[in-house]
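Here is how the chains run, residue by residue.
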Amino acid sequence: MERREIRQLQGRLIRWFTQNQRPLPWRERYLPYEIWISEIMLQQTRVDTVVPYYLRWMQRFPGVRSVARAGQDDLLKHWEGMGYYSRVLNIHRAAGILMDRHGGELPRNYHDLLELPGIGPYTAAAIRSLAFNLDEPLVDGNVERVFSRLFNMEAPVKSRQSQAYIRSMASDILPSGRARCFNQALMELGATVCTPRKPGCLHCPVAPHCESLRLEIVHRRPVPGIRRKIVPVQVVVGIIEQDGKVFIQKRPSRGLMAGLWEFPGGKIENTETPEEALAREMKEELGLRVQCVRKIASIEHNYTSFRVSLHAYACTADPRDGAPALRCASDARWVDPGDLDNYAFPAANRRLIDIIRKNP
DNA sequence: AAGACGGGGTC
DNA sequence: GACCCAGTCTT
């Protein structure tokens, strides 16, 4: 791209963003703490989903110190339903590091940022460019899509070749001293105009520069990669009732649904009935022999790479077995069903709780 | 380099 | 039902 065209594109993008940006709560002050939290929340998560979580979060945790002092369950409760729960546990760990080593402030050095848990190349660049307005190119999924169309990239957008090209172009067209505005303009364009489907080319400020629009193949960019098949999984959980309370356990702080609470249970193997699987899992996980009382519900829940059928049973534990032994959980409670809202559950469990509440 | 990690919006 | 989102971490 020629110098003159680059300057023209920069001007059009910046002017468009100045006039058309959505008013968002983290665009009011550009404080490093607010940019950090918003960027973590926005990882693989849409703006519309994030806004209410962000507002609640800032109400409860207005700064690094309050995060560092907060309990894990308090933090998780504010994240419940947003997914990728290791993000919030990493925020907690990072807040501790910030208090210990950086005086409770976000550093502006790229490598210092990268050392904080949960901050990778994208988020480090986002904090540097958006909070500190340092000259730092920023490439997210939006920018990848915008560039793949603007420059009519024919290789799969996630390929090594494409990624290298995108990075170099992002660096080339970044106007010095305008990173905060320009980087957001590029992402905002991807989020609101240059969308995955039905892009608004008629209203696009950089349409005159767009090679794939000129060739009328915008709808075929970006070129996708190959994807994996979705695997169906059958899962059973047990609501153990005793003295009017139900048993819940807390998942380990690493791995799937880290730190969230759940009802005990597990995967149904091919040869098993749900009841057999439940009996086996309760014995394995808790050392309990259980009796199914009744079936509560079956819930379908879709994840990125698998589809879960969740079968839920009310059951009672054999009193001879005594208290449950925690073999797979990091904590456990007997709770009043009315208190379940005080704990953070995965979405599929949350839906189950809603059903239990309607049919006590 | 590839897979794990959530949930919801959209067509 | 498939795609995708203001990505990061682990192996």
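In case you missed it, the structure is sitting above this.
Each chain has its residues counted from 1, running along the sequence as written. The order in which chains are written sets their letters, starting at A; the order in which ligands are written sets their numbers, starting at 1. Given that this is a predicted model, residues contribute local features only at a pLDDT of at least 70 and side-chain atom pairs are listed and counted only at 80 or more, while totals for whole chains, interfaces and linings are drawn from all residues. To obtain the side-chain values, all non-hydrogen atoms of the structure were used and water was disregarded.

1. Quick word on the side chain of R128
A run of H or I in DSSP becomes a helix once it reaches four residues, and a run of E becomes a strand once it reaches two; helices and strands are each numbered from the N terminus. With respect to the helices and strands, the residue R128 is situated in helix α8 (residues 121-131). Residue burial is assigned from relative accessible area. The probe radius is 1.4 Å, only protein chains are included, and a residue is buried under 20% of its type maximum, exposed over 50%, and partly exposed in between. On the basis of relative accessible area, R128 is assigned to the buried category, the value being 16%. A polar contact is formed between the side chain of R128 and the side chain of E136, at a distance of 2.4 Å. Throughout, a contact is declared for two residues whenever any of their heavy atoms are within 4.5 Å. Once residues within four sequence positions are removed from consideration, R128 is found in contact with R108, N109, Y110, L113, N133, L134 and E136. Pairs of N or O atoms within 3.5 Å make up the polar contacts considered here, provided that, within protein, one atom can donate a hydrogen while the other can accept it, and that residues adjacent in sequence are counted only when both atoms are side-chain atoms.

2. Examining the pairing of strand β6 (residues 306-317)
As a general feature of sheets, a regular strand has side chains that alternate between the two faces. Buried residues dominate β6, accounting for nine of its 12 residues. For strand β1 (residues 231-242) and β6, the ladder comprises 10 bridges, and the chain directions are parallel. Each bridged residue has a counterpart across the sheet, and for I239 the counterpart in β6 is A314. DSSP calls a pair of strands paired once it identifies at least 2 bridges connecting them. One ladder, built from 11 bridges, connects strand β5 (residues 290-302) with β6; its direction is antiparallel. Directly across from K295, in β6, lies its bridge partner Y313.

3. A word on the pattern of salt bridges
Take a side-chain nitrogen of Lys or Arg and a carboxyl oxygen of Asp or Glu: if they are within 4 Å of each other, that pair is a salt bridge. Evaluation of the coordinates by the stated rule reveals 20 salt bridges. Among the salt bridges present, the one from E188 reaches R27, with a minimum N-O distance of 2.8 Å. One end of the pair, E188, is in helix α11 (residues 179-192); the other, R27, is in the loop between α1 (3-20) and α2 (32-41), and 161 residues separate them in sequence. Each member of the pair E188 and R27 is classed as buried. The closest approach of N and O atoms between E262 and R251, which form a salt bridge, is 2.8 Å. You can see E262 sitting in strand β3 (residues 261-262) and its partner R251 sitting in the loop between β2 (245-250) and β3, a full 11 residues away along the chain.

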